[in-house]
Each structure stands twice: as C-alpha cells, then as structure tokens.
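# Overview (structure and organization)
Spelled out from the first residue to the last, the chains are:
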Amino acid sequence: MPRDPKYDILFEPIQLGPKTLKNRFYQVPHCIGAGSEKPGMQAYHRGMKAEGGWGACCTEYCSIHPESDDTSRVSARIWDEGDVRNLAAMCDRLHQFGALAGIELWYGGPHAPCMETRATPRGPSQIASDFELNIFPRYMDQDDIDTVQQMYVDAAIRAREAGFDIIYVYGAHAYLPFQFLSPFYNRRTDKYGGSFENRARFWRESLEKVREAVGDDCAIASRFAVDHLLGPISIQVGEDGARFVEYCDDLVDLWDFTVGDIAEWGQNAGPSRFFEENHEKPYTGQIKAGNHTNKPVVGVGRITNPDTMVAIISSGQFDIIGAARPSISDPFLPQKIDEGRLDDIRECIGCNQCISRWEIGGPPMVCTQNATAGEEYRRGWHPEKFHPAANREKSVLVVGAGPAGMECAMVLGKREMSAVHLVDASKEIGGCVNWISQLGHSDGKDNLFRGSARGLGEWKRIVNYRQIQLDKLSNVEVHPGSRLSAAEVLEYGAEIVIIATGCHFATDGMNAATHTPIEGADTSLDWQLTPDEVVGETKRVGQRVLVLENEGYFMGASVAQKLAGEGHAVTLVTQAAEIAHYMDYTLEAPMLHRDLERLGVGIHTYTMLEKIEPGVCHGYDVWNPAHKEQFEVDTVVLCTARISDDALYRELKADKGRLEAEGIEGLYVIGDASAPRMIVDSIFDGHRLAREIDSPHPEMPLPFIRERRLWGDSTNEDFRAQLLNTVDVV
Amino acid sequence: MKIVVPVKQVAALDDEFELLDDGSGVDPDFLELDLNEWDAFSLEAALQLREATGDGEVVVVTVGDDDADEALRGCLARGADRALRIWDESLDGADPLAVARVLAAGVERERPDLVLCGVQSSDAVNGATGVALAGYLQMPHVAVVKQLDFDVAQSAATVKRELEGGLVEVLRVRTPALLTIQTGINEPRYANLRAIKQAREKPLEVSSPGELGLDADLVAAAAGSRRRELKHPERGEGAEMIDGSPSEVAARIVEIVRERMSG
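Residues numbered from 1 in each chain as written. Chains lettered and ligands numbered in written order. Predicted model: local features only at pLDDT ≥ 70, side-chain atom pairs only at ≥ 80, totals over all residues. Heavy atoms only, no water.

### Concerning the overall build of chain B
- A count of helical and extended segments in chain B gives 7 helices and 11 strands.
- In terms of overall size, chain B is more extended than a compact globule, its C-alpha atoms giving a radius of gyration of 23 Å where 263 residues would be expected to give roughly 18 Å.
- Counting over 263 residues, chain B shows a buried share of 40%.
- A separation of at least 24 residues holds for 70% of the contacts in chain B among residues at least 6 apart in sequence.
- Across chain B, the centroid of the 28 positively charged side chains sits 7 Å from that of the 49 negatively charged ones. (Helix = DSSP H or I, 4+ residues; strand = E, 2+ residues; numbered from the N terminus. Rg over C-alpha atoms; globule rule 2.2 N^0.38 Å. Buried < 20%, exposed > 50% of the residue type's maximum accessible area, 1.4 Å probe, protein only. Contact = heavy atoms within 4.5 Å. Lys, Arg positive; Asp, Glu negative; His and termini not counted. Charge placed at Lys NZ, Arg CZ, Asp CG, Glu CD.)

As structure tokens, then:
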C-alpha cells in the first residue's frame, strides 16, 4: 500500500550544513552497550535502523579522551586510530543505506569516574558529582581549558576520518559544556564564570574550534538541555536556555534538544507510567516557538505515532523527529510509515528495559518489544526478516499465549512452519500482561514534580502488536478459552510442542529474602492477596493494606500505587535497602518515589515479616531481628516468590515413550513456565526458541559471536566460525 | 440420525478494497475467504446432536468452486463425517434461490432427519437460502434458533427463537425439519492439528447439478434476481461546507436551523 500523502512531510529532505538528511527520521545518540569495543554490534545495530529508513543514526556518547571514562557503563570512545577503525565500520554500514552517521563527542567531567583509566576528570569548579559517588573534578585553569578544547578538536578530526557526517559537541545531561554554562556546577569568578556570556564561553569556544577544524566537511551539532528542571539555580528555558541557543546559533548546523540532567535523566527518557508521548514539548518546544533559532531542530519524547510526528513538524515544534527508544523498538518505523503499514509498527512501551542495562553497567541493551535489539550482529537476527525453518514441514502446538508464547508462535509463523496453533486457557491472549497493564494506578493526577500517574497501560502494546501479527499469519491459528490437559496435548497431532504456561505467585509467603514461607501467610484467605488478585477484584480490599515486596522490581510498588490511588492506607514493606531497586535502572524510581509520597504510602525498608495474623503483621529489622515492629492492617498483599506453572510440561516430559508414540519429536518449555523472569526476558526466550527451532538442539541456545580479542591473534577471522553457527546471518 | 449442514465459504473484505472495473463484484485480491461465521454454529449444533444421540452422520454441503474445499475441510476437521460440494460454472453469481434449489437436490439425495443452516451469510446477508431450501424440500422450518433441544424418542426438536422486545417463542417441530441457527447458540469447537491432518482423508465428493439430476433450466428458473452492479454509494447532495471564523460558522448554523424550523 502506498504511503498516505499526509505523511509526505516526514519524508522531505532537510539540509544540515554541508550534509543532506534524506528524511525527518533521526536516531539521536543513545547507548546500546557496544561503544567502540564491540564494533560489530555497533555497526549492525545502527545499520539495521538505516536499513529501516532512518535518515541518520548516531553513536552513543563518545568519549574524546581517556580522562572522560564512564566505566563500568559503556560509552563509545574515539581516543585513537583503533577507535577510528572500529567506528568506521558503523559509518560504512549507515552509508550503505543512505543514512548519515553522527557522533556525540563527550567529556563528562566529574560525572565520569574514570574507573578503567584511573585518570582525573577536570571540571569548571571543584564540586563532587551529583550522579557519581564521591568523584571530584580538578579545577580547570586556562591551560586545562585549552587542553580539553583541543581534545574536542582532535576527536572531531578523528571522527571525520572515521566517516562521520554529523559531529556533536555534547553538553546535554549536564556534561562538561553544560557544567560551565550552569551556575549549579560553575562557581568560577574568571572569564568562564559569573555572567551568562562568561558561563557560555567554554561551550561557544569549543564549538568554534570544532567548527573551524571540521565544519566545512561535517555538520556541527550540539545537544543541549534547554531546561535543567532545577528552577532558578540552573538553566531554565525561559532564561538562559533560549539565550544560549541564540548565542551559539551561528555555530551549529543542528540543535538536538533535551531536558534535565544525567542524575535524573528519566526526565528525558521518560517512562510511560509517568510521561506521555511528546512530553518534553513544554520545554523544548519553546525554542522554535519563540523564534530563538534559525537552525534545524531535532527533539524527542518517545514519539511513535506518525500523526504526532506530522503535528510536531507542521506546527513548527521541531524540524526533525528524534528517537532513541522508538527506534530500538522498531528499527523499521520509517519504512512502515512509508509503505502504509501502520499496523505493523512495533511501538515502544516505555518500560526502559533498554536503559536498565546501561545503568547496570556492561550488559548489552535489550528491548521488551524487539527481541532482536542488540542481537543483529552477534546472533544475526533481523527484526523483519525470517528465514524459512529447515523443518518447516512440522506443525507446532504452543500452549500458553503470554509474552513468551505469543512471541514464539509469531516468529514460528513468520518462519513458515506448516501450522502453528497457539492455545490459551484464558478468553483473551496476553497472559500476565493483561493484568499487569492495569497496575501502577492511573488516576491521571499530577506527580509532585512533573508528569502524571498514567499506570502501565502502554505495556498492553506487547499484546496488541503480537495479536495483529498473529492475525495476519495464515499458518497460525490462535485458540483462546481452551485449557489443554496432557492427554489433549499428546493427542493434538503436533510434532513440536512448546509449553509457555507462565507462573503464579507463592501463596504461603515463600520468598527470596528468607528462602522460607512466612508463618500465617495464606492467600487462600479472603484478606490475603497475590498481586494478580488486586486487579482481579475477586477479593475485597480493606482500608489498611500492607504490601510485602521481596521482588525488587515493579510489582510491589505498582500494587501500592494502585491501592493508595484508590484511597487505601498502604504500607509498603521490603527486606531490601529500597523498594523496587531495579526501577533505579529503568529511571522510574525518582518519579515513583514522588508518586508514593503524593499518595501517602508508608515505606519500611530493611524490614521483613515473620508472622501474619488477622489484623496484624509482625515485622523485624533485617540487621537486628530482635527489633520488632507491628503493622495493624486489614489486608495483606504478598509480592513474594513466583513459581513456574510447569505441571503440564513435567507430566508430558515424564513419559518419553508416549511422546514418541504420539509423534511428538520436540517438547520445550519457555518463559515463566521455565523460570519466572522479567517480561523482556520471556519474550526473548520465546523468540530465541523460534529462531533456532531447526537447530540440532533447539532447547540449547546456539553460540553467539563474542566480540573479544583472542590472545595472539586479532583479525576478523577470529569470529568466523561462530558467525557461521548463527541461524539468520544478515 | 443424519444431519445435513449446508455451509458457505464467505469472503471478508480487507480494510481497503477495490471493485472490479465491470462492477460485477469486489476484486478478489482484496478478499479473504473463510467459513461463514453462522455455519460454525450450525455445524457445532449438528456435531453436538450426533454426539448426544451416540450415532448418526453429519454431512456438510456447499455450492461453490474449488476455493470452497478449504471451508469443507475445516468442517471435516471439526468433526463432520462427509462433505459434498456442488458446482457448475453456470452457478457463478447465483442468487440465494438458485443456490437453495441446487442445495435441495443434494439434500434430497441424503434424506436427512435434520437440516441445520446458518441464519445468514456474513458477506451477502440475504438470510434467504435456509428458508428457501426448506421451501424446496417442503420441510417444516424454524428460523433464527437460539436454543435447540432434541428428543430422540419423539424425533422432535424443541426450539427457542428470540423475538423483539426480549420475547422468546418456543416451538416444537417434528423431523425431518430445517432450522436456521443463530450465532451464540453454542461455543463452536476448533480442530486440533491431528484432526486437520485426518480431515484430508475424509470423503469430499464433488458433484454438479446435472449429476444430481437437476436441469440447468430449472436452476435458472429458480433464480429470483441477479446482481447488476456493485458500487460505492454516490455522494449525496445538500451538504454545505461552512467556511469562516468560529463565530461566523456558528452564526450560519443558527441561520440554517432557524430556516429549517420555520420551513
């Protein structure tokens, strides 16, 4: 189907200094865990987006010198010729598809702890980082300033050599140039501190020098947080924010606008539970609206809806649609709009799992919606292309249509298996997503800071996308409302059986903290609930509720939010140092804490329950069990252990003779039914099995390419043997 | 007990579609073929009756070209015992009365106790074939059945029809009879993979009106109508686009309302 003409505006080229951006789709710099040291992953991940129609793709933040070292988090680096060579692979791959390559030159100052290089970061004033622990910069005198500016110039020249088209002087997220600009970091009294012009001087001079060095050949860009969101003590869009854009407008070919800083960058990479699409508009939208720039502007806001994109460009908010997360979730988003295939768009759900892995430091990026993200090179997976399976004459039964089962059936369908039946006991497919997406509470009220309580509703996109794809596959049948016994599975007539029956919550308080049940815990009682029962409304919830959360992710806090939002007095108890620790990594934690505060939720950390009785829970301090605390409550919600629903799998597996007699050649278990896990990992598990269903031992993942240096040899040949082992080499 | 279930392979439209240039129908590229939704319920009713009575046979019959085999195989997979497809190129574009006349020849040959049709087909929505078939068979019929209880000893069915205003009409009908079955009467089963594979081996007979002793003229004479043209409705006149500022638009709307009210 041809493109709807109303989207033509998204496909108009635009000039960025000496370079032409072929359309308005722009992958802004974002981390993936590749940097310069996994060049294959870097080149193939960005290249996949170029193939999918993005007009430009950028590196993640790219260190210009060893004294800007963010280890253990993974940045790119352009320190030497080796880095030039590795990053050139990414440029070449992008250029093959007609996309521009951008590099975000980065000097972190005190936000870069230099744990690998052991170097000393320099900064405008000697104030410890508000992001790192106990990292102080060295005060920069004029020599230091000249030295660091020369680092930018040298890095820019190397970047040009690598083949980059767009070269950033990166100051957003409160890295060095912004530290000079903001009085929050800059307490200098020399010509680099005090007045606006003095504070802007470092950034302006750096831009001038980089432009002088490479500006004839490359587009010069700057990423700038137009508002620090800290009020008058730092940069505000209506004051120095707009002023800075005007002041440096002559030096850039492209502005890339954000808000906030790195210490709470969830204000920029806003999670869906608090921020809606295009949520930065109140800040970043002011620049063009106020005629503060004559240069092209790119901005973000987890924009996945083509109509929003058109509105943004035609209203003059931005000239170019920037995306990090939407481009991870769907590298082919531009092409799908171009081809009129809007219902094939795999929309980002705003869970920020991608970000969590960078925050953890080290692991490659993952994506809940797109299981192939980060696997383009090492596993050879393509998000839109699927090789017909070598054993495609086989028919497959997938039992359980939760995240793992839906994904597995969809990929098996796309791999042209002769017949795939996806059967689920519930009336609707989607499994746990159907009730989880009702958590987090969505009273829509304003958060204490900004954003609002929107709940986890956008997570339902996990189901929506797969349901639409499954409907389109003529070799896949979906049968909800049908609970299969082992006998029925055996007689089903499938040669391959995949069990994806999910998991349930412990009913007796069994938990990861004590590895034992809790005395008195029994969710068969009408006043004790598992989290899914909070949504199910089969049990009446009393006025005073205690939520025990031993999971460390979203469940306990989201249940607390929902119940407190409905007017219950909620006490949230965890054995850990903080509630929902993993939500620090997904950047949801700061907003979550504000929301729980708004809702009046009482939080008790380092606290565990030893006994539950009607009307009272007996708690103790984990560091001093003699220190007891009693909680008088009417209802208890136990977010404790999850347990695989694997009885069907175990029963089938127990009788190998019968499996053989019934013609079942393969029996596999995936997702929570195999071991409870996060949704992102369930979907990966289902995808992985389907991708490798024709491998010699589908239950065992095939080896993937490990980008490592082999002792005594470091040519690309090192990886050839592993490369040949993968199923779907691009 | 022998039950015949006449079914139809219907065409569902894609979200966007084009008509054939000659106006004879929708471009088949934009159609997705499937078993008529109502027929899934009539087939299920037949299968349940066969299972309840412990023996008998369910025969599905359709009038259609070989595209319709897929629908018949689907019925066989769900549990029908045999299938009969009747076709002749002269039947292309046949109206419900002509189809009913052809079906009648097939059903008469089977001499069933019950004929269970769907109330209507989702593509043509005439709701005529079932009752017309009863007419040709000279069988008693009940249309739009929401509940069906069969009394084997009496060879009679007690059926409920839902009428306007929430009224329920209860009828008792002796076999042989024809019922048209409404959706929601049961929960149609699906076929597992083994049944789908086994259905490939079940008998699917292809016949023609001639082979069933039906004269082509008789079929032609039965037809009550023919489709002359399928087209999008013409855009009506009388719409007035009102331009101007919101207050100007509002003033014009007030003016129009006053004109109409006084007129």
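### Looking at the pairing of strand β23 (residues 607-613) of chain A
All names here are of chain A.
- Relative to strand β24 (residues 616-621), β23 runs antiparallel, the two sharing 6 bridges. Each bridged residue has a counterpart across the sheet, and for Glu613 the counterpart in β24 is Val616.
- Count of turn residues in the β23/β24 antiparallel hairpin: 2 residues, of which Gly615 carries a positive phi of about 90°. (Pairing = 2+ DSSP bridges.)

### Section: helix α14 (residues 461-472) of chain A
All names here are of chain A.
- Taking 1.5 Å per residue, 12 residues should reach 16 Å; α14 reaches 17 Å between its end C-alpha atoms and fits that length.
- Among the residues making up α14, those that are buried are Arg461, Ile462, Val463, Tyr465, Arg466, Gln469 and Leu470.
- The secondary structure elements touched by the buried residues of α14 are α12 (403-414), β15 (419-423), α13 (433-436), β16 (476-479) and α22 (679-691). (Expected span 1.5 Å × (residues − 1).)

### Looking at the packing of α12(A) against α22(A)
Residue and element names in this part refer to chain A.
- Where α12 meets α22, the closest approach of the two axes is 7 Å, and the angle between their N-to-C directions is 30°. With respect to their mutual orientation, α12 and α22 come out roughly parallel. Taken as a pair, α12 and α22 cross one another with a handedness that is right-handed. Counted together, Pro403, Ala404, Glu407, Cys408, Val411 and Leu412 of α12 and Ile679, Ser682, Ile683, Gly686, His687, Leu689, Ala690 and Arg691 of α22 form the full contact between these two elements.
- In terms of residue class, the contact of α12 with α22 is made up of 9 nonpolar, 3 polar and 2 charged. (Axes fitted to C-alpha atoms, helices over the stretch in contact; angles between N-to-C directions. Parallel < 35°, antiparallel > 145°, perpendicular 65-115°, else oblique. Left-handed = near helix turned anticlockwise from the far one by under 90°. Nonpolar A, V, L, I, M, F, W, Y, C, P; charged D, E, K, R; others polar.)

### Here's the deal with the environment of A:Gly430
Residue and element names in this part refer to chain A.
- By secondary structure assignment, the location of Gly430 is in the loop between β15 and α13.
- Between the C-alpha atom of Gly430 and that of Glu376, which follows or precedes it by 54 residues, the distance is 26 Å.
- When residues no more than four places from it in sequence are discounted, the contact partners of Gly430 are Ala401, Gly402, Pro403, Met406 and Val463.

### A closer look at the sheet that holds strand β26 (residues 635-639) of chain A
All names here are of chain A.
- Read from one edge of the open sheet, 5 strands run β19-β26-β20-β21-β22, paired in parallel fashion. Only two strands of the sheet have a single partner each, and these edge strands are β19 (528-529) and β22 (602-604).
- Two elements, β19 and β26, share 2 bridges in a ladder whose sense is parallel. Residue Leu529 lies in a different strand from β26, and its bridge partner there is Val637.
- Where helix α17 (residues 554-565) meets the sheet, it contacts β20 (544-549), β21 (569-573) and β26, and its direction lies at approximately 170° from that of β21.

### With respect to the interface of chain A and chain B
- Contacts between the two partners involve 19 residues from chain A, matched on the other side by 9 residues from chain B.
- A buried area of about 970 Å², summed over both sides, lies between chain A and chain B, and 51% of it is on carbon and sulfur atoms.
- At the boundary of chain A with chain B, the tally comes to 2 salt bridges.
- Of the charged contacts in the structure, one is a salt bridge between B:Lys197 and A:Glu495, with a shortest N-O distance of 3.4 Å.
- The tally of links between chain A and chain B comes to 8 residue pairs in polar contact (both at pLDDT 80 or more).
- Breaking the side of chain A that touches chain B down by element, the ones donating at least two residues are β14 (395-399), β15 and β16 of chain A.
- Looking at the side of chain A that touches chain B residue by residue, the classes come out as 9 nonpolar, 5 polar and 5 charged. (Buried area = accessible area lost by both parts, 1.4 Å probe. Salt bridge = Lys/Arg side-chain N within 4 Å of Asp/Glu carboxyl O. Polar contact = N/O pair within 3.5 Å; in protein donor to acceptor, adjacent residues only side chain to side chain.)

### Remarks on helix α11 (residues 353-360) of chain A
Residues and elements named next belong to chain A.
- A large share of α11 lies buried, amounting to 7 of its 8 residues.
- For α11, every residue scored as buried is listed here: Gln353, Cys354, Ile355, Ser356, Arg357, Trp358 and Glu359.
- Buried-residue contacts for α11 involve β4 (56-63), α9 (325-329), α18 (582-585) and α22.

### Structural notes on the packing of aromatic side chains
Residues and elements named next belong to chain A.
- Taken as a whole and assessed by the stated rule, the structure comprises 30 aromatic pairs over all chains.
- Measuring from ring centre to ring centre gives 6.4 Å for Tyr61 and Tyr175, while their planes differ by 25°; the resulting arrangement is stacked. Taken together, the residues span a long stretch of sequence, with Tyr61 in strand β4 and Tyr175 in the loop between β9 (166-170) and α4 (176-181) at a distance of 114 residues. The exposure classification of Tyr61 matches that of Tyr175, with both residues buried.
- Judged by centre distance (5.5 Å) and plane angle (80°), the rings of Trp203 and Phe224 are edge-to-face. With Trp203 in helix α5 (residues 196-214) and Phe224 in strand β10 (residues 219-225), this residue pair connects regions lying 21 residues apart in the sequence. You'll find Trp203 and Phe224 in the same group, each marked buried.
- Clustering of aromatic rings is evident, with ring pairs tying together Tyr61, Trp106, Tyr170, Tyr175, Trp265 and Trp358. (Phe/Tyr/Trp six-rings, centres within 6.5 Å; stacked < 30°, edge-to-face > 60°.)

Distances and angles like these do not, on their own, reveal function.
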